Structures are given as structure tokens and as C-alpha cells.
Amino acid sequence: MATTPAPPAPAAPPKPTWDPRRPAPNLPWLRPTIRIRLTLLYGGMFLIAGILLLSIIYLLAAQALRTGSEPLFKIIGGTEIKVSSDSCPAVNDGQSLTTFNSAISDCIDHQRQAALDNLLSRSLLALLGLAIIAFAFGYAMAGRVLSPLGRITRTARAVAGSDLSRRIELDGPDDELKELADTFDDMLERLQRAFTAQQRFVGNASHELRTPLAINRTLLEVHLSDPGAPMELQQLGKTLLATNERSEQLVEGLLLLARSDNQIVERKPVDLAEVATQAIDQTLTEAAAKGVEFRGRRAPAVVQGNGVLLERIALNLVQNAVRYNVPEGGWVEVATEVQHGQAVLIVSNTGPVVPAYEIDNLFEPFRRLRTERTGSDKGVGLGLSIVRSVARAHGGHIAAQPREGGGLVMRVALPM
């Protein structure tokens, strides 16, 4: 028996072209500054008040002149009446009294309307001139009112450059702006105390943590240098020495991460091409042992920053690219260039496939791909965290992107 064909599936509705999650376009002319808004407010209020005042004056003047009302006088009789008028050519001799009175009335109404029109035009010109003066005065007054906010903004910008010693110290009456400035000064005072305490802690921790680790390393190296030591003790010493070295790397990484979380105050010209070359030179031995080949063209890209921290960026990225690579035939491409006024360091490599949803986790401390804290002898899990922190301290950023076929492309952009 023949079967009836199934009806075709309904077509999917077209996707909307507007995505509510997409940010609105940046239209600067639709987002005026607060000074412009205050100017428009002051000038607009004056303009509205002027229009209302002009309307009232016009209505009162029209009522006083009694436009369209009965004429003020009529000629009802007489002899030898002669009238001549240049403004009212319709008023001439030789007319009947009715026609003559009607012409006089029309002429007076015309003169009244002309006077009102003249008053309106002159008042509009005066209002336009006063509106221009009002907008200029409003702009100046808005700047005067907002000058404390400008002072607060300049202080905040200076503080953003790690100058926590700056204070607003706003003078004037105890109004809302002075209360805001005093609150901001109190916050800066607390931040400076916390930052000073952090610096002191980092310095003390650096000494207290490095010293015993250095002593342990020295003792282990002296013990391993004894040729008469039993094989079991030598193996134990090597294991302890590797553990101590790992602890030293962890301590150095934590201290560097704590220092690099702040803005760089002292900056010097640093060429990223030179920094990348030094990082490659320090990793050549490890790369040769793993059969990894270096590639890439390094063009000059000079930035203002801390040379030691920028070297740490390049070294961490190159070391990660070498260590997390394929067993055979791997390569690492290190390139530097200038793009859109920024110095860019790009490190890409072959390696295992990295899911896109794992990219953000790689920059978290003690996080590795599919592991946390333990299970790897390739590092302590702080390399990319330090890179991101140092890049932010220099006003830049780092972005990672999975390569097709495996590996990553790390891109560090720093302002020049």
C-alpha cells in the first residue's frame, strides 16, 4: 500500500540580525561630557525662560495696542478737512466719510501689527544674542563647578601610576565634592599603608624563605660531592636537591608575582627583539634535548619598561613552548613586531591540542592543562600567571589562542 509522504519540515525562522548581547556601538557624539551637559542645562533653562518672557511681553503688548479692536476715533462731519499720509496711501481727499474712516482704521491696524512684528523680530535677535552669552557663561560656570572633579581625576590618574603618596587636599566649603575628596584621601591613606606593609612582607619573606633553601642546597651539594658516600644516600641527596630546587623556583615565582602586580614606576627603553633572543639563547640546550627547532623573525620593537621583568615574560613563554611540545619534530616560532603603535611579542609552538575553554585556566596560579599543583615536573604552575601580571604592570595584555593541529599562539602587546 502506498504511503503518504510526510509533510516537509517547517523552515527555521530567520535569525535576528540584532544580538542583545552585542555591545552598543560607541557613538561619542551621543555621550557628551558632563561639562557639555551642564552647559546645555544652564543654556536651555535660560532659553526656555527667555522664550516664556518674550511670549508674555508680546501678548501684553498686543493687548495694550488692542489689535483688531474698534478705531480710537471717527470723523463724523466737517468742512475743509484735508488729510495726507505717506504710510497710508489709501487715505486721500475726496472720499466719503465712511470710506475715509474705514481707511483710517485699516491703516492704524496695519501700523499696530507692524509695531508688534518689529518688537518680535528685535526681541528674537536680542534673545539669540543673550542665549549665546548664556551658553558661554554656562560653559565657564560648569568648568568652575567641575574643577574639583578634575583635580580628583588628576590625582586618581597619578595614583594609578603607583604614586600612592599623592593627595587631593581639596579646600573650600564642606559640600558634597569636599566630602568625596576627603573620602578619596582616606582611601589612599589606607591603600598606601597596605601597599607599604605588602612591600615589607615581600622583603621579609624573600629573606626568610631564600636563606634556609640556600643553606639546604649548599649542604646537599657538599654531601653529593663526597665520593665515598653510599649510592643510596647519593640518590636520596639528588632527590632532595631536586625538591629543594623546585621549592626555590616556587618561592622565586611567588615573590616575582607579588612584585609584578604593581605598576612599573622606573621605565627604560627595552627592545623586545633583544629580550626574545636572550630567552631563546637560555633555552637552546633544553630545546636541543627535546628536538625542538626555533623559528621566527624578530624585528626591533622598543618599549618603555623594566628589562628584568620583560625578560621574564619572554623566558617563561619560550620555556613553556619548549616544554609543552610534541615528542618529535616540534618547533617554536618567536617573533617581534610593531602593530598599531604597540610592540608585540608572539610565541607559537606545536604541541598537544588545547581546548578553547581551557585557555583562561592556563593563566591562573598553580593551574596547568587538566592538572592542578601536582603531577608535572615541568614547572610550578606560575609561568603564565607571572607573564600576565608583568604585562598588566606595563599597561599591556596577553592573549592565547589554540593552534589548529595542536599547540598555542601567545601574543603579548605592550604600549610603546
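The present account deals with the structure reproduced in this document.

### Some words on the packing of helix H5 (residues 272-290) against helix H6 (residues 307-323)
Thinking step 1. The geometry of H5 relative to H6 is characterised by a closest axis approach of 9 Å and an angle of 25 degrees between their N-to-C directions. Between H5 and H6, the interaxial angle falls into the category roughly parallel. The two elements H5 and H6 cross, and the hand of that crossing is right-handed. Contact with H5, carried on its side by Val275, Ala276, Gln278, Ala279, Gln282, Thr283, Glu286, Ala287 and Lys290, involves Leu310, Glu311, Ala314, Leu315, Val318, Gln319, Val322 and Arg323 of H6 and no other residues of that element.
Thinking step 2. Here the residues of the contact of H5 with H6 sort into nine nonpolar, four polar and four charged.

### Focus on the side chain of Asn325
Thinking step 1. Following the sequence through the fold, Asn325 ends up in the loop between H6 and strand S4 (330-339).
Thinking step 2. Not counting residues up to four positions away in its chain, the partners in contact with Asn325 are Val292, Gly330, Trp331, Val332, Asn349, Thr350 and Gly351.

### Here we look at a nonpolar patch on the surface
Thinking step 1. On the surface, Leu41, Tyr42, Met45, Phe137, Met141 and Val145 cluster together into a nonpolar patch covering about 570 Å² of accessible area.
Thinking step 2. Where the nonpolar patch is concerned, the elements lending two or more residues are helix H1 (34-65) and helix H2 (97-160).
Thinking step 3. As for its placement among the helices and strands, Val145 is situated in helix H2.

### Thoughts on the pairing of S4
Thinking step 1. Relative to S4, strand S2 (residues 292-295) runs parallel, the two being bridged by four bridges. In the strand pairing of S4, Phe294 is matched with Val332.
Thinking step 2. Two elements, S4 and strand S5 (residues 342-349), share eight bridges in a ladder whose sense is antiparallel. Residue pairing in the sheet places Val338 in a bridge with Ala343 of S5.
Thinking step 3. Here S4 folds back onto S5, and the loop between the two strands holds two residues, one of which, His340, carries a positive phi near 55 degrees.

### Here we look at the nonpolar core
Thinking step 1. Counting residues in each nonpolar core, the largest one holds 40 residues, and the members touching the most others are Ile313, Leu317, Val332, Val334, Leu345, Met410 and Val412.
Thinking step 2. The set of elements that each furnish at least two residues to this core consists of H5, S2, H6, S4, S5, helix H7 (383-393), strand S8 (397-402) and strand S9 (408-415).
Thinking step 3. If you tally residues by element for this core, the top one is H6, at nine residues.
Thinking step 4. Non-local contacts of Val334, meaning those with residues more than four positions away in its chain, are made with Ala276, Ile280, Arg295, Gly296, Arg297, Arg298, Val318, Leu345, Ile346 and Val347.
Thinking step 5. Counting residues in hydrophobic clusters, the runner-up holds six residues, among them Ile168, Ala181, Phe184 and Leu188.

### Re the pattern of salt bridges
Note that side chains of opposite charge can pair when their charged atoms are close.
Thinking step 1. One pass over the full model with this rule turns up two salt bridges.
Thinking step 2. A salt bridge links Glu189 to Arg193, with the nearest nitrogen and oxygen atoms 3.8 Å apart. Residue Glu189 and its partner Arg193 are located together in helix H3 (residues 176-224), separated by four residues, close to a single helical turn.
Thinking step 3. With its nearest N and O atoms 2.9 Å apart, the salt bridge here joins Glu286 to Arg323. Residue Glu286 is located in helix H5, and its partner Arg323 is located in helix H6; the two are separated by 37 residues in the primary sequence.

### Some remarks on the sheet that holds S4
Thinking step 1. Pairing is mixed in the open sheet, where five strands are placed in the order S2-S4-S5-S9-S8. Strand pairing shows two members of the sheet lacking a second neighbour, S2 and S8, which therefore form its edges. The sheet shows a mean angle of 15 degrees between the axes of neighbouring strands, direction not considered.
Thinking step 2. Pairing analysis gives seven bridges linking S5 to S9, with the strands arranged antiparallel. Paired with Gln342 across the two strands is Pro415, which belongs to S9.
Thinking step 3. Lying on the sheet, H5 is in contact with S2, S4, S5 and S9; it crosses S2 at an angle near 165 degrees.

### Concerning unusual backbone geometry
Thinking step 1. Residues other than glycine seldom take positive phi values, yet His340 does so here, at roughly 55 degrees.
Thinking step 2. Structurally, His340 can be placed in the loop between S4 and S5.
Thinking step 3. We classify His340 as exposed; its relative accessible area is 83%.

The rules we used
Residues numbered from 1 in each chain as written. Predicted model: local features only at pLDDT ≥ 70, side-chain atom pairs only at ≥ 80, totals over all residues. Heavy atoms only, no water. Axes fitted to C-alpha atoms, helices over the stretch in contact; angles between N-to-C directions. Helix = DSSP H or I, 4+ residues; strand = E, 2+ residues; numbered from the N terminus. Parallel < 35°, antiparallel > 145°, perpendicular 65-115°, else oblique. Left-handed = near helix turned anticlockwise from the far one by under 90°. Contact = heavy atoms within 4.5 Å. Nonpolar A, V, L, I, M, F, W, Y, C, P; charged D, E, K, R; others polar. Patch = residues over 30% accessible without salt bridge, like charges linked within 9 Å, V, L, I, M, F, W, Y side chains within 5 Å. Areas by Shrake-Rupley, 256 points an atom, 1.4 Å probe, with all protein chains shown as cover. Salt bridge = Lys/Arg side-chain N within 4 Å of Asp/Glu carboxyl O. Pairing = 2+ DSSP bridges. Core = buried A, V, L, I, M, F, W, Y, C linked by side-chain atoms within 4.5 Å. Buried < 20%, exposed > 50% of the residue type's maximum accessible area, 1.4 Å probe, protein only.

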